[in-house]
Amino acid sequence: EPEVTQTPSHQVTQMGQEVILRCVPISNHLYFYWYRQILGQKVEFLVSFYNNEISEKSEIFDDQFSVERPDGSNFTLKIRSTKLEDSAMYFCASSVGPSQETQYFGPGTRLLVL
Amino acid sequence: AQSVTQLDSQVPVFEEAPVELRCNYSSSVSVYLFWYVQYPNQGLQLLLKYLSGSTLVKGINGFEAEFNKSQTSFHLRKPSVHISDTAEYFCAVIVTGANNLFFGTGTRLTVIP
């Protein structure tokens, strides 16, 4: 069964450093998402991406964040200058269509900013 | 704006007992409703979803949920739980026309042998 994969599974970085989190969505999916879950809190939406552009983003997704689909398979989340409060589990998801279509989640990348 | 409330942060239940995990939502527009499960050290997996039609929705692993529009609830139930059901359960909504899931705070179900 196809699945969403994410790399790395864990990342430790120093405050102020740039990080890139990578995701490989399910191959025939057209909609891509990033969510995050700060430890002990709920899962929060960051951004959705369709047709090579951002379709929706939350207040969390400020200028420090960017997303890209650099080739036909990868979907990346970049944090330009990490802050302590960026420490969280980051989940990538993909779906074949919008809205009511099921979003399939990857296993997550745990980011720790020191 | 929408909100999702999961009233119980933790639910312990004995093996083979029934369980209900509660979810209430509020939204000024219509929504689609979802239950996701997160097993330890794994991502989120869809259990079931309500889009329209019959208010009783059956999902994977023997779970079901009932949409109650008047009470704005979407409670998750299972008649007999197994040890393997121990996990975090998240209720979520998508406003029709939008793409972002809006999650509740989660309920940790612990099945006791």
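Below, the structure is looked at part by part. What you see is a predicted model, and the numbers here were worked out from it, not measured in a lab. (Residues numbered from 1 in each chain as written. Chains lettered and ligands numbered in written order. Predicted model: local features only at pLDDT ≥ 70, side-chain atom pairs only at ≥ 80, totals over all residues. Heavy atoms only, no water.)

**Regarding the interface of chain B and chain A**
- Taken together, the contact pairs 23 residues of chain B with 20 residues of chain A.
- Taken over both partners, the interface formed by chain B and chain A buries close to 1,700 Å², and the fraction arising from carbon and sulfur atoms is 54%.
- Broken down residue by residue, the surface that chain B buries against chain A is led by Leu44, Asn99 and Phe103 of chain B, which jointly contribute 35%.
- Joining chain B to chain A, the criterion identifies 0 salt bridges.
- If you look at where chain B meets chain A, you find 8 residue pairs in polar contact (both at pLDDT 80 or more).
- The set of elements that each furnish at least two residues to the side of chain B that touches chain A consists of strand S5 (31–38), strand S6 (44–50), strand S10 (87–95) and strand S11 (102–103) of chain B.
- Among the elements that take part in the side of chain B that touches chain A, S5 of chain B stands out by supplying 4 residues, more than any other.
- Here the side of chain B that touches chain A is composed, by residue class, of 13 nonpolar, 9 polar and 1 charged. (Contact = heavy atoms within 4.5 Å. Buried area = accessible area lost by both parts, 1.4 Å probe. Salt bridge = Lys/Arg side-chain N within 4 Å of Asp/Glu carboxyl O. Polar contact = N/O pair within 3.5 Å; in protein donor to acceptor, adjacent residues only side chain to side chain. Helix = DSSP H or I, 4+ residues; strand = E, 2+ residues; numbered from the N terminus. Nonpolar A, V, L, I, M, F, W, Y, C, P; charged D, E, K, R; others polar.)

**Brief notes about the nonpolar core**
- Residues Leu33, Trp35, Leu47, Leu48, Phe74, Leu76 and Tyr89 of chain B are the most contacted members of the largest nonpolar core, which totals 30 residues.
- Broken down by element, this core gets its largest block of residues, 5 residues, from S10 of chain B.
- Within the second largest apolar cluster, 22 residues are counted, among which are Val4, Ile26, Leu46 and Cys92 of chain A. (Core = buried A, V, L, I, M, F, W, Y, C linked by side-chain atoms within 4.5 Å. Buried < 20%, exposed > 50% of the residue type's maximum accessible area, 1.4 Å probe, protein only.)

**Some details on the state of the cysteines**
- Summed over the entire model, instances satisfying the criterion amount to 2 disulfides over all chains.
- Linked covalently through their sulfurs, cysteine 23 of chain A and cysteine 92 of chain A form a disulfide whose S-S length is 1.9 Å. Linking cysteine 23 of chain A and cysteine 92 of chain A, the disulfide has an S-S dihedral of approximately -65 degrees and is accordingly described as left-handed. Of the two residues, cysteine 23 of chain A sits in strand S3 (residues 19–24) while cysteine 92 of chain A sits in strand S9 (residues 88–95), which places them 69 residues apart along the sequence. Taken as a pair, cysteine 23 of chain A and cysteine 92 of chain A share a single burial class, namely buried.
- Two residues, cysteine 23 of chain B and cysteine 91 of chain B, share a disulfide whose sulfurs are 1.9 Å apart. Between cysteine 23 of chain B and cysteine 91 of chain B the disulfide shows an S-S torsion of about -65 degrees. By sign, it is left-handed. Of this pair, cysteine 23 of chain B sits in the loop between strand S3 (19–21) and strand S4 (24–26) while cysteine 91 of chain B sits in strand S10, placing them 68 residues apart in sequence.
- Look at cysteine 23 of chain B and you get buried, because its relative accessible area is 0%. (Disulfide = S-S within 2.5 Å.)

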